[in-house]
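Okay, here's what each chain looks like letter by letter:
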Amino acid sequence: MQQPHESPDAGHAPRGQGGTTRVLVVDDDPTVAEVVSGYLDRAGYQVDVAGDGHSALVRAAAHWPDLVVLDLMLPGMDGLEVCRRIRARGPVPVIMLTARGDEGDRILGLEVGADDYVTKPFSPRELVLRVESVLRRSRPAVGARPVHAAGVTVDPAARRATKNGAELSLTLREFDLLAFLLRNHGRAYSREELMREVWGWDFGDLSTVTVHVRRLRAKVEDDPARPRLIQTVWGVGYRFDATPCEEAVRP
């Protein structure tokens, strides 16, 4: 199982608006929900719990979460549909809980916009670290200067990305991946390097990177089937290619 880098303050909730960070835990197994919410509560998070998809949407509408921990297998409305509907209301990081070995389901979760996933059975302590890591990466980079090349601009401080002036609707990980490739345009990175630099994982399922590259191409390329900006370097990985006359502005 992938292990995130643990920061000195790992396991302690970052402060959101009003001094608290709200996490919505969605799982139909009362034991799992109780254990997860207990660990998150002790780590300093304000936790809401829902046992099915409909309840999750109601709770999210009443108190918008800073992050959602979402079980893939739910009665009635599954986690994929819950993720789609929550994301349709507004941007929020999502960590998907999946059964071990269900690679197809994990990829589907990433395709609908999950930022991370944890496979069951899992360590509650690891899940708390994942929550802290995703929230830390979702916070604006104060003082960071915008980066631009080939008509694409990424503003880390505002967490905003545009192409030719038009806003790009990116998930947390898509934004981070684009920002990293743009800052280092012209250099090829392997999927292992991207997983380490963008996700903060030392090892893991490399299809995570592949799925995010595909999703990102669908949003930034004129023709995703013939990508010009995010190119595949065969035998290596991926690179962002700016036009020869353009130079990226680096922070």
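This text follows the structure it describes.
What you are looking at is a predicted structure, and each value in this text was computed from that prediction instead of being measured.

A look at the sheet that holds strand S1 (residues 22-26)
- Read from one edge of the open sheet, five strands run S2-S1-S3-S4-S5, paired in parallel fashion. Of all strands in the sheet, those bounded by a partner on one side alone are strand S2 (46-50) and strand S5 (116-120). Recorded for the sheet is a direction-independent mean angle of 20 degrees between the axes of neighbouring strands.
- Looking at chain direction, S1 and S2 are connected through five bridges and run parallel. Bridge assignment links arginine 22 to a residue of S2, and that residue is glutamine 46.
- Set on the sheet, helix H1 (residues 30-42) makes contact with S1 and S2; between it and S2 the angle comes to about 170 degrees.

Considerations on the pattern of salt bridges
- Under the counting rule described, the total for this entry stands at 16 salt bridges.
- Of the charged contacts, one joins aspartate 115 and arginine 87 as a salt bridge, the two residues approaching to 2.7 Å between their closest N and O atoms. With aspartate 115 in the loop between helix H4 (103-111) and S5 and arginine 87 in helix H3 (residues 79-89), this residue pair connects regions lying 28 residues apart in the sequence.
- By relative accessible area, arginine 87 is classed as buried at 19%.
- Between arginine 215 and glutamate 174 there is a salt bridge, and its shortest N-O distance comes to 2.5 Å. Of this pair, arginine 215 sits in helix H8 (residues 207-220) while glutamate 174 sits in helix H6 (residues 172-183), placing them 41 residues apart in sequence.
- Each of Asp116, Glu126, Arg130 and Arg173 takes part in one network of salt bridges that share partners.

Rules behind the numbers
Residues numbered from 1 in each chain as written. Predicted model: local features only at pLDDT ≥ 70, side-chain atom pairs only at ≥ 80, totals over all residues. Heavy atoms only, no water. Pairing = 2+ DSSP bridges. Helix = DSSP H or I, 4+ residues; strand = E, 2+ residues; numbered from the N terminus. Axes fitted to C-alpha atoms, helices over the stretch in contact; angles between N-to-C directions. Contact = heavy atoms within 4.5 Å. Salt bridge = Lys/Arg side-chain N within 4 Å of Asp/Glu carboxyl O. Buried < 20%, exposed > 50% of the residue type's maximum accessible area, 1.4 Å probe, protein only.

Nothing here speaks to function; it is all geometry.
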